[in-house]
Amino acid sequence: MPEADTRTGEKKFYEDIPMKTPGFFLKGSNALDWGMKNRLARIFNPETGKTVMLAIDHGYFQGPTTGLERVDLNIVPLIPYADALMLTRGILRTTIPPASTKPIVMRASGGPSILKELSNEEIAVDIEDAIRMNVAALAIQVFIGGEFETRSVHNMTRLVDMGLRYGIPVLAVTAVGKEMTRDAKYFRLACRICAELGAQFVKTYYVPEGFETVTASCPVPIVMAGGKKIPVKDALTMAYNAVQQGAAGVDMGRNIFQSEAPIAMLKAVKGIVHKNMKPEEAYELYQSWKNEKQG
Ligand code: R5P
C-alpha cells in the first residue's frame, strides 16, 4: 500500500487545458473498444495508417505450397520485414518463434481442400485458442456468390460476434469462385457485405478499372490481396495503384515468398505502402537490394 498522500499545494490539475479526445486513425474504427483498437494499431502503422501483411496461410487448403515447403527456413527469416503475419495456428505453434512480437492475423476458417468445393468452410478455431495465442486479428473467407455463400457469411458474423466479445478484430477475405467475374462491381458487393455484417477490415483483390469505387464504398479499411506470382515490377505497380486508390495496405503472399529475393521484395512493397514510393523507384531499390544479397 502506498503511504497516504499528505503533500499539499503541489498537485497540478491544468484546469485550463481541456483533455483531448482524439479520434482513431483507421477508417470506420472509431466506435470500437480499446482492446480492438489497440490490436488494429499493432497491424496498421498509426503513423501511415497502413500495413504490409505477409500471407502464408495457403497450406490450410492446399498443403505445402511452392515457397512454403519449409516455413522455418523460407519464412522465419522474413518476419522482421513484415508488419504482420497471416497464418494458421498450426504453423504458429510449430514454427514461429514465440519471442517474435509481430502481430498475428490468424486464419480462422477451413474445411475443404483444393480437391473439394472450397466455399464449404466452417469456423476452424476456437476464440479461446485465439486469445491463448495472443492474436491481433482473426481472418475468415467469405464466398459471395459461391455455392456455400450463406454459410460463409454466417461463419463470418459468428466470428465477428466472438471477436467483439473479446476485443479481437475480424478480417473478411473475399474469395472469388472460378466462375465469377473479378471486376469492381463484384468487389464492391463483396466488400460492402463483409463490412455491413461486421468485419473490422476486408481483404480483396485489385482490379484495374474502378478499384477506387471499391475502397470508397467500403466503410472499413481494405487491404489488397496479392494473388498469383506476377513479374516484380507488375506486383509493385499493383500495390502502388491499390494504395493510391484507397487501400490501407496489402496482404501479399506468393508475390513475396515466391520472389527471387523475398526480403528485397518486402522492403520495396513497404516503400510503396508507407512512403508513397513510385513503383519505378521501388523496383530499382529491389534490384539493388537483391544484388547486394540483402534479399
Ligand atoms: C486466401 O485464400 C488466403 O488468405 C491466401 O492464402 C492468401 O490470401 C493468398 O495470398 P496471395 O494470393 O498473395 O498468395
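Quick note: structure is the one above.
Residues numbered from 1 in each chain as written. Predicted model: local features only at pLDDT ≥ 70, side-chain atom pairs only at ≥ 80, totals over all residues. Heavy atoms only, no water.

*Asks:* Residue-level account of the overall build of the protein, with values.
*Replies:* Broken down by element type, the protein carries twelve helices and ten strands. Against the globule reference of 19 Å for 295 residues, the protein gives a C-alpha radius of gyration of 20 Å, in line with a compact fold. Overall, the protein is about 75 × 50 × 40 Å in size when its C-alpha atoms are taken along their principal axes. With 295 residues in all, the protein has 51% of them scored as buried. Sequence-distant contacts in the protein: of pairs separated by 6 or more residues, those separated by 24 or more amount to 66%. Within the structure as shown, the protein displays about 14900 Å² of accessible surface, and the carbon and sulfur contribution to it stands at 53%. (Helix = DSSP H or I, 4+ residues; strand = E, 2+ residues; numbered from the N terminus. Rg over C-alpha atoms; globule rule 2.2 N^0.38 Å. Buried < 20%, exposed > 50% of the residue type's maximum accessible area, 1.4 Å probe, protein only. Contact = heavy atoms within 4.5 Å. Areas by Shrake-Rupley, 256 points an atom, 1.4 Å probe, with all protein chains shown as cover.)

*Asks:* I'd love a proper account of the packing of aromatic side chains, names of residues and values included.
*Replies:* Throughout the structure, instances matching the rule amount to seven aromatic pairs. Between Phe 44 and Phe 201, the ring centres sit 5.4 Å apart and the planes meet at 75 degrees, which makes this aromatic pair edge-to-face. A residue pair is termed long-range when its members are at least 10 positions apart, and Phe 44 in the loop between helix 1 (34-43) and strand 1 (51-55) and Phe 201 in strand 8 (residues 201-205) qualify at 157 residues. Overall, the relative accessible area of 0% leaves Phe 201 in the buried class. Between the aromatic rings of Tyr 206 and Phe 211, the centroid separation amounts to 4.9 Å while the plane-to-plane angle is 55 degrees, which identifies the pairing as tilted. For Tyr 206, a relative accessible area of 14% puts it in the buried group. An aromatic cluster of at least three residues, connected via ring pairs, comprises Tyr 186, Phe 187 and Tyr 205. (Phe/Tyr/Trp six-rings, centres within 6.5 Å; stacked < 30°, edge-to-face > 60°.)

*Asks:* Describe the pattern of salt bridges, with residues and values.
*Replies:* Per the stated rule, a full pass over the model turns up twelve salt bridges. Asp 57 is paired through a salt bridge with Arg 107; the nearest N and O atoms lie 2.9 Å apart. Highlighted residues: Asp 57 in the loop between strand 1 and helix 2 (59-62) and Arg 107 in strand 3 (residues 104-107), separated in sequence by 50 residues. Between Arg 89 and Asp 129 there is a salt bridge whose closest N-O contact spans 2.8 Å. Note that Arg 89 is positioned in helix 4 (residues 89-95) and Asp 129 in helix 5 (residues 127-132), a separation of 40 residues in sequence. (Salt bridge = Lys/Arg side-chain N within 4 Å of Asp/Glu carboxyl O.)

*Asks:* Run through the site of the ligand, naming residues and quoting values.
*Replies:* The environment of the ligand is formed by Ala 55, Asp 57, His 58, Met 86, Arg 107, Gln 141, Lys 203, Gly 226, Gly 227, Met 252, Gly 253 and Arg 254. A distance of 3.0 Å separates an oxygen atom of the ligand from a polar side-chain atom of Arg 107. Here Arg 254 contributes a side-chain N or O atom positioned 2.8 Å from an oxygen atom of the ligand. Here the ligand, which alone exposes 370 Å², has 95% of that area covered by the protein. Broken down by class, the residue content of the shell around the ligand amounts to three nonpolar, five polar and four charged. (Near = heavy atom within 4 Å. Polar contact = N/O pair within 3.5 Å; in protein donor to acceptor, adjacent residues only side chain to side chain. Nonpolar A, V, L, I, M, F, W, Y, C, P; charged D, E, K, R; others polar.)

*Asks:* Tell me about the sheet that holds strand 2 (residues 84-87), and name the residues and values.
*Replies:* As summarised here, the arrangement of the eight strands in space is 1-2-3-6-7-8-9-10, forming a closed barrel in which the pairing is parallel. Each neighbouring strand pair of the sheet contributes to a mean axis angle of 25 degrees, computed without reference to strand direction. In the packing of helix 7 (residues 184-196) onto the sheet, contacts are made with strand 6 (137-142), strand 7 (170-174), strand 8 and strand 9 (222-225), and the angle to strand 8 comes to roughly 165 degrees. (Pairing = 2+ DSSP bridges. Axes fitted to C-alpha atoms, helices over the stretch in contact; angles between N-to-C directions.)

*Asks:* Provide a residue-level description of the side chain of Ser 152, including the pertinent values.
*Replies:* On the secondary structure map, Ser 152 appears in helix 6 (residues 149-166). In this structure Ser 152 touches Gln 141, Val 142 and Phe 143, once residues within four positions along its chain are discounted.

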